[in-house]
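Spelled out from the first residue to the last, the chains are:
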Amino acid sequence: MPMKSSSILKQKVTENIEIPKDVLSEIPLLTITGELELTLENHSGIIEYTDSIIRIRTRRGQLKIHGKNLKTIFYTNDEIKING
């Protein structure tokens, strides 16, 4: 499947100005800190939220998090931090 012109443009801009690819390409970026905290950047919203399961929509699919006492620490349009 050929790349869309906007995808090609983003790729060229990223290469030329040396910005990390995840910034312009909206690739989900997951950072896990220890055993109790994770941060997800570039999400598209929460699908399911309980204290044991959180499902989050990304542009690449869904992320399902299993745990105990899960809580969102903060939530913005493109970033979410979960503790539990």
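Owing to the predicted nature of the structure, the values given are computational and were not obtained by experimental measurement. For every chain, the first residue of the written sequence is number 1, and numbering continues from 1 along that sequence. Since the coordinates come from a predicted model, pLDDT governs what is reported: local features require at least 70, and pairs of side-chain atoms require 80 or more to be given and counted, while whole-chain, interface and lining totals use all residues. Side-chain descriptors were evaluated using all non-hydrogen atoms of the structure, hydrogens and water having been removed beforehand.

## Let's talk about the overall build of the protein
Quick note on the threshold: Runs of E in the DSSP output that reach at least two residues are strands. Runs of H or I that reach at least four are helices, and both are numbered from the N terminus. Between buried and exposed lies partly exposed: a residue is buried under 20% and exposed over 50% of the maximum accessible area for its type, with that area taken using a 1.4 Å probe on protein chains only. Contacts between residues were defined by any pair of non-hydrogen atoms, one from each residue, lying within 4.5 Å.
In terms of regular secondary structure, the protein is built from two helices and seven strands. Ordered by position from the N terminus, the helices and strands of the protein form the series α-α-β-β-β-β-β-β-β. Scored against the burial criterion, the 84 residues of the protein give a buried share of 18%. Sequence separation of 24 or more characterises 30% of the internal contacts of the protein that already satisfy a separation of 6 or more.

## Points about the side chain of Asn 42
As a reminder, the rule being used: Between N or O atoms, a polar contact is any pair within 3.5 Å; within protein, one atom must be a potential hydrogen donor and the other a potential acceptor, and residues adjacent in sequence are included only when both atoms are from side chains.
As for its placement among the helices and strands, Asn 42 is situated in the loop between strand E2 (37-41) and strand E3 (43-49). Accessibility expressed as a relative area gives 14% for Asn 42, which makes it buried. In terms of polar contacts, Asn 42 uses its side chain to reach the backbone carbonyl oxygen of Ile 27, at 2.7 Å.

## Overview of the side chain of Thr 39
Structurally, the position occupied by Thr 39 is in strand E2. In this view, Thr 39 contacts Leu 29, Leu 30, Thr 31, Glu 79, Ile 80 and Lys 81; residues no more than four positions away in its chain are not counted.

## What about the pattern of salt bridges?
Threshold: A pair is scored as a salt bridge if a Lys or Arg side-chain nitrogen falls within 4 Å of a carboxyl oxygen belonging to Asp or Glu.
What the rule picks out here adds up to two salt bridges. With its nearest N and O atoms 3.7 Å apart, the salt bridge here joins Lys 81 to Glu 37. One end of the pair, Lys 81, is in strand E7 (residues 79-83); the other, Glu 37, is in strand E2, and 44 residues separate them in sequence. Under the relative-accessibility criterion, Glu 37 is labelled partly exposed at 25%. One salt bridge in this structure joins Arg 55 and Glu 48, with 2.9 Å as the shortest N-O distance.

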